[in-house]
Amino acid sequence: MRYQFVNLFKALTKQQPTESKKDSFEDITVWGFGQSENRKGNYLNNNDFPQQIIQDVYNSPVASTALELWVEFINGKGFTEESLNEKETSEGQTAEELLYKIAYDVAHLDGFAIHVSYNSKGEKTAFTHQPFEQTRLGEIKGGVVQNIKTNPYYGIPYEYERKYSKTFYTFNDNPEFVRNQMANHAQLKREGKVKYDYCGQIFWVSIEKPLARIYPQPFYYSGINWFRIDAEIQKYHERNIKNNLIQSHILNVYGDPEEKLGSDDDNGDARYTRGELFDAMLDAKARGSENGGGQLINWFTSEEEKLVPEAFPTNANDQLFQTLQDLTTSQISIATNVPTILLNIQQEGKLGSSQEIINSVRLMQAKAKPKQKFIEKNGLLMMTLYQGMKKEII
């Protein structure tokens, strides 16, 4: 899998978005669905698809493991020419480190972005990783993307502020074109039409699929609900431990929970209600893993004061949750295209036969090839083959 140097430049074209995909506060194409309220009370188009989907991955132990495996297989062992791995692509960053960051973005979001810096002669001086989830396409006219914008708080309504946004030109590495672009930008700044200095260009690329012609939709998207189920399963067990593994039940307690009891506050009113005091007593004596195996003694002077637990109808049991966990893990394995044996879920305490592991590794290597080729064909060609060198990821 080797590539000769080619002229990479072509305009970044995308399907023309509808008006609903235009942001209300910035000239960007939103990456998300619906609307949400920000901290100023304004309703913004949701621009949080990459942030949400990555959070869903991180919340799921199985999904995060599967995607980390994808990163490792896409990254491989770096470049075949070892000296290239140590080549600096920007200050403090080697080609090997840049490749790993690109592999991470491709594994999680099916795309990546590289910030390209130039000197006054229009010559490339640095290639810096640009976090893909922080990028948004600027205005799209006639299917051509006009610019790329970045903001570390895109998709975070209560943190986002426009002042953190930066605007970059789309990639075109022709030196004469770059020099003219820099001169035109300087003129626009003198005229007050732009307020920022020339920031360089961003090489932005994604894997297009049906219904995902503007922004990418990760290959594992069909399993997103299973990711959330996996996250909820661990939350259930956490709550169960915190509740001292007590069976779900109704506790019948005589009295008015809103009745004021306890010592007076500064205004002469009772500080707590009966319900608040009872809840505090349960927290201290009956709930939490630290109270496991303990006793709750309830003194009562009349039958009405006796606590009467009543089992709550539920289908929760050990077998059900083991079956649900196995089903969830299996479905995540299918959605992420990772053999189950590599997720350590064959049988507890067993990885499986050596040949089965070898076959699974070979299968993952084969599955990673298209994504490796996608990286080579785009960003790494731009960076490493500019001087006509033959490189490949192994």
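Higher on the page you've got the structure.
Because the structure is predicted, anything quoted here is derived from the model rather than measured.

### Quick look at the packing of aromatic side chains
Thinking step 1. As enumerated under the stated definition, the model contains 16 aromatic pairs in all.
Thinking step 2. Considering the side-chain rings of F112 and F374, the 5.8 Å spacing of their centres and the 80 degrees angle between planes classify their relative orientation as edge-to-face. You can see F112 sitting in strand β5 (residues 111-118) and its partner F374 sitting in helix α9 (residues 354-384), a full 262 residues away along the chain.
Thinking step 3. Each member of the aromatic cluster is reached from another via a ring pair, and the members are W31, F49, F132, W204, Y215 and Y221.
Thinking step 4. For K371, the ring lying beneath its charged end belongs to W70, and the centroid distance is 5.9 Å.

### Thoughts on the nonpolar core
A general tendency of soluble globular proteins is for nonpolar side chains to be buried together.
Thinking step 1. Among the nonpolar cores identified, the biggest contains 58 residues, and I74, F112, L137, W204, V338 and I375 are the most heavily contacted of them.
Thinking step 2. Going through the elements one at a time, α1 (49-59), α2 (61-75), α4 (95-109), β5, β12 (201-206), α6 (224-242) and α9 are the ones with two or more residues in this core.

### Notes on unusual backbone geometry
Thinking step 1. Phi angles above zero are rare outside glycine, and D110 is one such case at about 60 degrees.
Thinking step 2. Position of D110 relative to the elements: it lies in the loop between α4 and β5.
Thinking step 3. When its relative accessible area of 1% is taken as the criterion, D110 is described as buried.
Thinking step 4. The phi dihedral of L211 is positive, around 70 degrees, even though this residue is not glycine.

### With respect to the packing of α1 against α4
Thinking step 1. Contact geometry of α1 with α4 gives a least axis separation of 10 Å together with a crossing angle of 90 degrees. As the angle between them shows, α1 and α4 are arranged roughly perpendicular. For the pair α1 and α4, contact is made by P50, I53, I54, V57 and Y58 and by Y104, H108 and L109, respectively.

### Digging into the environment of L109
Thinking step 1. Position of L109 among the secondary structure elements: in helix α4.
Thinking step 2. C-alpha separation for the pair L109 and Y220, spaced 111 residues apart in sequence, amounts to 9.4 Å.
Thinking step 3. With residues near it in sequence (within four places) discarded, L109 still touches P50, I53, I54, F132, E133, P216 and P218.

### Things to note about the packing of α1 against α2
Thinking step 1. At a minimum axis distance of 5 Å, the contact between α1 and α2 shows a crossing angle of 105 degrees. Here α1 lies roughly perpendicular to α2, going by the angle between them. For the pair α1 and α2, the contacting residues are V57, Y58 and N59 in the first and P61, A63, S64 and L67 in the second.
Thinking step 2. Residue composition of the contact of α1 with α2, grouped by class: five nonpolar, two polar and no charged.

### Some words on a negative patch on the surface
Thinking step 1. A grouping of E82, E86, E88, E91, E96 and E97 is seen on the molecular surface, where their side chains present a negatively charged patch.
Thinking step 2. E96 gets classed as partly exposed once you look at its relative accessible area, which sits at 35%.

### What about the pattern of salt bridges?
Where charged atoms from two side chains of opposite charge come close, those side chains can pair.
Thinking step 1. By the definition in use, this model includes 11 salt bridges.
Thinking step 2. A salt bridge links E19 to K22; its shortest N-O distance comes to 3.0 Å.
Thinking step 3. What makes E19 exposed here is its relative accessible area of 60%.
Thinking step 4. For K22, a relative accessible area of 34% puts it in the partly exposed group.

### Some words on the pairing of strand β11 (residues 166-170)
Thinking step 1. Here strand β10 (residues 148-150) runs beside β11; their pairing, made up of three bridges, is antiparallel. Note on β11: the bridge partner recorded for I148 is F168.
Thinking step 2. Of the pairings in the sheet, the one linking β11 to β12 comprises two bridges and is parallel in character. Counted as the bridge partner of T170 is I202 from β12.

### A word on α2
Thinking step 1. Taking 1.5 Å per residue as the helical rise, α2 with its 15 residues ought to reach 21 Å, and the 21 Å between its terminal C-alpha atoms agrees with that figure.
Thinking step 2. Within α2 the residues assigned to the buried category are V62, A63, A66, L67, L69, W70, V71, F73, I74 and N75.
Thinking step 3. Following α2 by one or two positions, G76 has its phi on the positive side, about 60 degrees.

### Brief notes about the environment of W31
Thinking step 1. Residue position: W31 is located in the segment before β1 (35-37).
Thinking step 2. Along the backbone, W31 and P216 are 185 residues apart, and their C-alpha atoms lie at a distance of 9.4 Å.
Thinking step 3. Sequence-distant contacts of W31, defined by excluding residues within four places in its chain, comprise N46, N47, D48, F49, P50, F132, T135, R136, Y215 and P216.

Cut-offs applied
- Residues numbered from 1 in each chain as written.
- Predicted model: local features only at pLDDT ≥ 70, side-chain atom pairs only at ≥ 80, totals over all residues.
- Heavy atoms only, no water.
- Phe/Tyr/Trp six-rings, centres within 6.5 Å; stacked < 30°, edge-to-face > 60°.
- Helix = DSSP H or I, 4+ residues; strand = E, 2+ residues; numbered from the N terminus.
- Lys NZ or Arg CZ within 6 Å of the ring centre and 35° of its normal.
- Core = buried A, V, L, I, M, F, W, Y, C linked by side-chain atoms within 4.5 Å.
- Buried < 20%, exposed > 50% of the residue type's maximum accessible area, 1.4 Å probe, protein only.
- Axes fitted to C-alpha atoms, helices over the stretch in contact; angles between N-to-C directions.
- Parallel < 35°, antiparallel > 145°, perpendicular 65-115°, else oblique.
- Contact = heavy atoms within 4.5 Å.
- Nonpolar A, V, L, I, M, F, W, Y, C, P; charged D, E, K, R; others polar.
- Patch = residues over 30% accessible without salt bridge, like charges linked within 9 Å, V, L, I, M, F, W, Y side chains within 5 Å.
- Areas by Shrake-Rupley, 256 points an atom, 1.4 Å probe, with all protein chains shown as cover.
- Salt bridge = Lys/Arg side-chain N within 4 Å of Asp/Glu carboxyl O.
- Lys, Arg positive; Asp, Glu negative; His and termini not counted.
- Charge placed at Lys NZ, Arg CZ, Asp CG, Glu CD.
- Pairing = 2+ DSSP bridges.
- Expected span 1.5 Å × (residues − 1).

So far we have only geometry, and geometry alone does not tell us how the molecule works.
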